[in-house]
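# Residue-level structure breakdown
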Amino acid sequence: MRRYRRDWSREDSRRYQGRRDYYDDEPQTSYGCRGRRTREEAVTPPPPEKPASSSLMASSVDFKTHVDQACRAAEEFVNIYYETMDKRRRALTRLYLDKATLLWNGNVVTGLEALTNFFDMLPSSEFQVNMLDCQPVHEQATQAQTTVLVVTSGTVKFDGNKQHYFNQNFLLTAQSNPQNTVWKIASDCFRFQDWAST
């Protein structure tokens, strides 16, 4: 299965910083889409229609379209997620499904109320994403629900603590309507990736 991988450079960080600076403290329209939405939503165009033909060429084009859609959704989502985590933590649970599960360094948190309490306890943070990888999840594994696996890694410094390397995996699920698709977190797994120094 083809996967999309992108290493984030300083140029990418500056480009996304420019987008972040565009917003003030009030929720605004999410960039790259039409209509009023909070910026705590990753929004993409609606999923492509399934081709009428079942030929190998049609399914190959359809899969490439799904990969491209996954890549766009993942890039927008990652930008929104870490900006919200660092600057507007109280709004972070808007990115999660009602029954979403977070696994944070081995600790399980389930449901929006528990997530809100957990994020309130975390010190302020500064995340730097160095790598983003994503791929669509086959519909047979998700009961035909449009789902994207997003993997990030980078560094994070929580206030009063040393900087850590981290790895985070998200399963995003599409909440679609005729105008757009809003991506929500169904599952989130965060882990520090520090190695003993030699």
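Thresholds applied
- Residues numbered from 1 in each chain as written.
- Predicted model: local features only at pLDDT ≥ 70, side-chain atom pairs only at ≥ 80, totals over all residues.
- Heavy atoms only, no water.
- UniProt positions renumbered as here; feature names shortened; annotations may be inferred.
- Phe/Tyr/Trp six-rings, centres within 6.5 Å; stacked < 30°, edge-to-face > 60°.
- Helix = DSSP H or I, 4+ residues; strand = E, 2+ residues; numbered from the N terminus.
- Pairing = 2+ DSSP bridges.
- Buried < 20%, exposed > 50% of the residue type's maximum accessible area, 1.4 Å probe, protein only.
- Arc of directions from axis to C-beta.

The name an unreviewed UniProt entry gives the protein chain is Nuclear transport factor 2 like export factor 2, with Panthera leo as the organism. On record in UniProt, under Subcellular location (unreviewed entry), the comment for the protein chain is "Nucleus".

The next subject is the packing of aromatic side chains. All chains considered together, the criterion is met by 18 aromatic pairs. Ring geometry for Phe77 versus Tyr81: centroids 5.7 Å apart, planes at 35°, classification tilted. Taken together, the residues span about one helical turn, with Phe77 and Tyr81 both in helix α2 (residues 56-87) at a distance of four residues. Ring centres of Tyr82 and Phe170 lie 6.5 Å apart, and the angle between their planes is 70°; on these two criteria the pair is classed as edge-to-face.

Let us now look at the pairing of strand β7 (residues 163-176). In this structure, strand β6 (residues 147-158) lies alongside β7, joined through 11 bridges in antiparallel fashion. Among the inter-strand pairings, Ser153 is bridged to a residue of β7, identified as Asn167. Following β6, the chain reverses through four residues before pairing antiparallel with β7; Gly160 in that reversal takes a positive phi of roughly 85°. When β7 meets strand β8 (residues 181-192), the two strands line up antiparallel, connected through 11 bridges. Bridging from a neighbouring strand, Ser176 pairs with Thr181 of β8. Counting the residues between successive antiparallel strands, the hairpin from β7 to β8 contains four residues.

Moving on: helix α3 (residues 112-121). Along α3, the positions that sit buried rather than exposed are Leu115, Phe118 and Phe119. Looking straight down α3, one finds that the buried residues subtend no more than 95° of arc, so they occupy a single side. Seen from the open side of α3, the exposed residues pointing more than 90 degrees away from its buried face are Glu113 and Met121.

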